[in-house]
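Commentary on secondary and tertiary structure
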Amino acid sequence: MSDLRFDGRVAIITGAGGGLGRCHALELARRGAQVLVNDLGGAVDGSGSSASAAQRVVDEITALGGIAAPNHDSVATPQGGQAIVQAAIDAFGRVDVLVNNAGILRDKAFHKMDHTMIDAVIDVHLKGAMYVSQPAFTLMREQGYGRIISTSSASGLFGNFGQANYGAAKAGLAGLTRVLGIEGAAHGIKVNAIAPIAATRMTQDILGDQLAAKVSPESVSPLVAYLAHEECAVTGHVYSVAGGRIARIFVAETSGIVLADNTAEAIQSHLAQMDKMDVEDYYEPSSLEDQTTIIAKALAAVS
Ligand code: NAI
């Protein structure tokens, strides 16, 4: 198997000043990519900003012999998205890969969530990914080549208490991935998403020491590198990834039924038949917590 290299390729990684984004940036740079390290440099809740986060990662990459440039624009506005893509063009002349990774949290039970918490989270995760993807996608279409990887979450795909804003945004990214996969197909553009679990500042105090020790952010980046590579064979897919365990998450439909008597009462009595899933080799997690338990078991089995 030959190394999957990125020589001559240019990658934008949003929110790459720490956590998962930093690891993706280091991994792609190690494999020869020229990397635009974008990060607003704020706190987990999105407050504040600082240029030093992105610069630190650029310095790390440069010290290892790689090529990188910093960018501090916010993904959360159309102007910010344009500026990020323009920064990659200015620094390196093209864009081959975009990793939508920037993110914040404003958790609260839905009945107590005020509209600023809804707007801030949807602006960064869902609109932010669209604002950066759109100018990048346009360039990729023109050049007939591109790779986009967005960061979804089990929170939205399976559900998690206190994350209505975040979960809705993250589930939206799975939809965006499907649509861009279809729209990009004729233009050499492949678009996929990951739903990671990793020990970062965002999950501090949530994962527990045992699981946290097994799910380093570094363990997510090989999947990102594969999906970002020219040889990536899939598009429109979403993968769960944690500590080296990777599984596909998909939206499917049961065989369904056609009711002669299409009434609410008949639906009530046929519910089990409508819901019946015939394929055996998959599991539908009932929540993020349920999925995390499965991942922890899978990882425990290999230690
Ligand atoms: P993190 O907080 O270390 O990284 C997020 C980065 O995004 C930060 O460096 C932050 O400054 C940057 N950022 C925030 N708002 C921005 C904006 N408007 N413009 C540019 N940059 C901005 O957390 P982590 O865990 O590395 O998160 C990375 C991504 O992975 C996020 O999208 C997160 O929602 C997602 N994720 C993480 C999981 C985990 O287990 N750590 C689970 C599921 C998803």
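Look up a bit, the structure's there.
This one's a predicted model, so the numbers in the text were calculated from it and none came from an experiment.

What counts, and where the lines are drawn
- Residues numbered from 1 in each chain as written.
- Predicted model: local features only at pLDDT ≥ 70, side-chain atom pairs only at ≥ 80, totals over all residues.
- Heavy atoms only, no water.
- Helix = DSSP H or I, 4+ residues; strand = E, 2+ residues; numbered from the N terminus.
- Contact = heavy atoms within 4.5 Å.
- Areas by Shrake-Rupley, 256 points an atom, 1.4 Å probe, with all protein chains shown as cover.
- Lys, Arg positive; Asp, Glu negative; His and termini not counted.
- Charge placed at Lys NZ, Arg CZ, Asp CG, Glu CD.
- Patch = residues over 30% accessible without salt bridge, like charges linked within 9 Å, V, L, I, M, F, W, Y side chains within 5 Å.
- Salt bridge = Lys/Arg side-chain N within 4 Å of Asp/Glu carboxyl O.
- Near = heavy atom within 4 Å.
- Polar contact = N/O pair within 3.5 Å; in protein donor to acceptor, adjacent residues only side chain to side chain.
- Axes fitted to C-alpha atoms, helices over the stretch in contact; angles between N-to-C directions.
- Parallel < 35°, antiparallel > 145°, perpendicular 65-115°, else oblique.
- Left-handed = near helix turned anticlockwise from the far one by under 90°.
- Buried < 20%, exposed > 50% of the residue type's maximum accessible area, 1.4 Å probe, protein only.
- Phe/Tyr/Trp six-rings, centres within 6.5 Å; stacked < 30°, edge-to-face > 60°.
- Lys NZ or Arg CZ within 6 Å of the ring centre and 35° of its normal.

**A few points about the overall build of the protein**
Along the protein, the regular secondary structure elements total eleven helices and eight strands. In terms of principal-axis extent, the alpha carbons of the protein reach across some 65 × 45 × 45 Å. Here the contacts in the protein between residues at least 6 apart in sequence split such that 70% fall between residues at least 24 apart. For the protein, the exposed area adds up to about 15,000 Å²; of that, 54% sits on carbon and sulfur atoms. Each charge sign in the protein was given a centre, from 22 positive and 31 negative side chains, and these centres are 4 Å apart.

**Focus: a nonpolar patch on the surface**
Together, F250, M277, V279 and Y282 give the surface a local cluster of nonpolar side chains, amounting to about 370 Å² of exposed area. Positionally, Y282 belongs in the loop between α10 (271-275) and α11 (288-301).

**Brief notes about the site of the ligand**
By nearness alone, 29 residues border the ligand, and D39, N101, Y166, T200 and R201 come closest of all. Separating a nitrogen atom of the ligand from a side-chain N or O atom of S74 is a distance of 3.0 Å. Here an oxygen atom of the ligand sits 2.9 Å away from a polar atom, N or O, in the main chain of A198. For the ligand, the accessible surface in isolation is 820 Å², of which the surrounding protein chains cover 96%. Mapped onto the shell around the ligand, the elements with two or more residues apiece are α1 (19-30), α4 (115-143) and α6 (164-184).

**Points about the packing of α4 against α6**
Look at α4 against α6: their axes get within 8 Å of each other, and the N-to-C directions meet at 15°. By the criterion of interaxial angle, the relationship of α4 to α6 is roughly parallel. The hand of the α4/α6 crossing is right-handed. Contact with α4, carried on its side by M117, I118, V121, I122, H125, L126, A129, M130, S133 and F137, involves N165, Y166, A169, K170, G172, L173, L176, L180, E183 and G184 of α6 and no other residues of that element.

**Regarding the pattern of salt bridges**
Within this structure, the stated rule accounts for eight salt bridges. Residue R30 pairs with E27 through a salt bridge whose shortest N-O separation is 3.1 Å. Here R30 pairs with E27, and both are found in helix α1, just three residues apart, close to one helical turn. Given a relative accessible area of 55%, R30 falls into the exposed group. Its salt-bridge partner being K127, residue D123 comes within 3.3 Å of it at the nearest N-O pair. In this pair, D123 and K127 both sit in helix α4, four residues apart, roughly one turn of the helix. Accessibility expressed as a relative area gives 36% for K127, which makes it partly exposed. Within the structure, one salt-bridge network assembled from shared partners comprises R9, R94, D96 and E230.

**As for the packing of aromatic side chains**
All chains considered together, the criterion is met by one aromatic pair. Ring centres of F250 and Y282 lie 5.7 Å apart, and the angle between their planes is 70°; on these two criteria the pair is classed as edge-to-face. Residue F250 is found in the loop between β8 (245-249) and α9 (264-269), and its partner Y282 is found in the loop between α10 and α11; the two are separated by 32 residues along the sequence. The cationic tip of R9 hangs over the ring face of Y145; the distance from NZ or CZ to the ring centre is 4.0 Å.

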